[in-house]
Amino acid sequence: MAEERMTLEEAFAQLEQVTKALEDENISLEESFAVYQQGMQLLKYCNDSIDKVEKKVLVLNGEGKLDEF
């Protein structure tokens with residue numbers, strides 16, 4: 001999977017597809033495991049991406065200087 005090249009929005013869209021696939025009553029057990037694994041990889045990618053962004057966010061402190069969030 002090429003998570004490194006996808007945007008966070010694209011990853012969320014794929015997670016939505018994973019959710020819909022898992023809700024399908026006609027999905028086989030084998031397919032559900034593969035789709036679940038893909039979803040877990042996407043979740044990890046999303047969490048890692050959000051963590052990176054949070055570390056870069058800067059906040060103005062009371063003295064007007066920037067501090068990392």
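I will try to describe carefully the structure that is included in this document. (Residues numbered from 1 in each chain as written. Predicted model: local features only at pLDDT ≥ 70, side-chain atom pairs only at ≥ 80, totals over all residues. Heavy atoms only, no water.)

**What to know about a negative patch on the surface**
Together, Asp-24, Glu-25, Glu-30 and Glu-31 make up a negatively charged patch on the protein surface. In this structure Glu-31 comes out as partly exposed when scored by relative accessible area, which is 44%. (Patch = residues over 30% accessible without salt bridge, like charges linked within 9 Å, V, L, I, M, F, W, Y side chains within 5 Å. Areas by Shrake-Rupley, 256 points an atom, 1.4 Å probe, with all protein chains shown as cover. Salt bridge = Lys/Arg side-chain N within 4 Å of Asp/Glu carboxyl O. Lys, Arg positive; Asp, Glu negative; His and termini not counted. Charge placed at Lys NZ, Arg CZ, Asp CG, Glu CD. Buried < 20%, exposed > 50% of the residue type's maximum accessible area, 1.4 Å probe, protein only.)

**Digging into the environment of Phe-33**
Relative to the assigned elements, Phe-33 resides in helix H2 (residues 29–56). Residue class for Phe-33 comes out exposed when judged on its relative accessible area of 55%. In this structure, the C-alpha to C-alpha distance between Phe-33 and Leu-22, residues 11 residues apart in sequence, is 9.1 Å. (Helix = DSSP H or I, 4+ residues; strand = E, 2+ residues; numbered from the N terminus.)

**Let's talk about the environment of Leu-15**
When you line up the elements, Leu-15 lands in helix H1 (residues 8–23). Of the residues examined, Leu-15 reaches a relative accessible area of 13% and is grouped as buried. Taking the C-alpha atoms as reference points, Leu-15 and Tyr-36, 21 residues apart in sequence, are found 9.8 Å from one another. Setting aside residues no more than four positions away along its own chain, Leu-15 makes contact with Gly-39, Leu-42, Leu-43 and Cys-46. (Contact = heavy atoms within 4.5 Å.)

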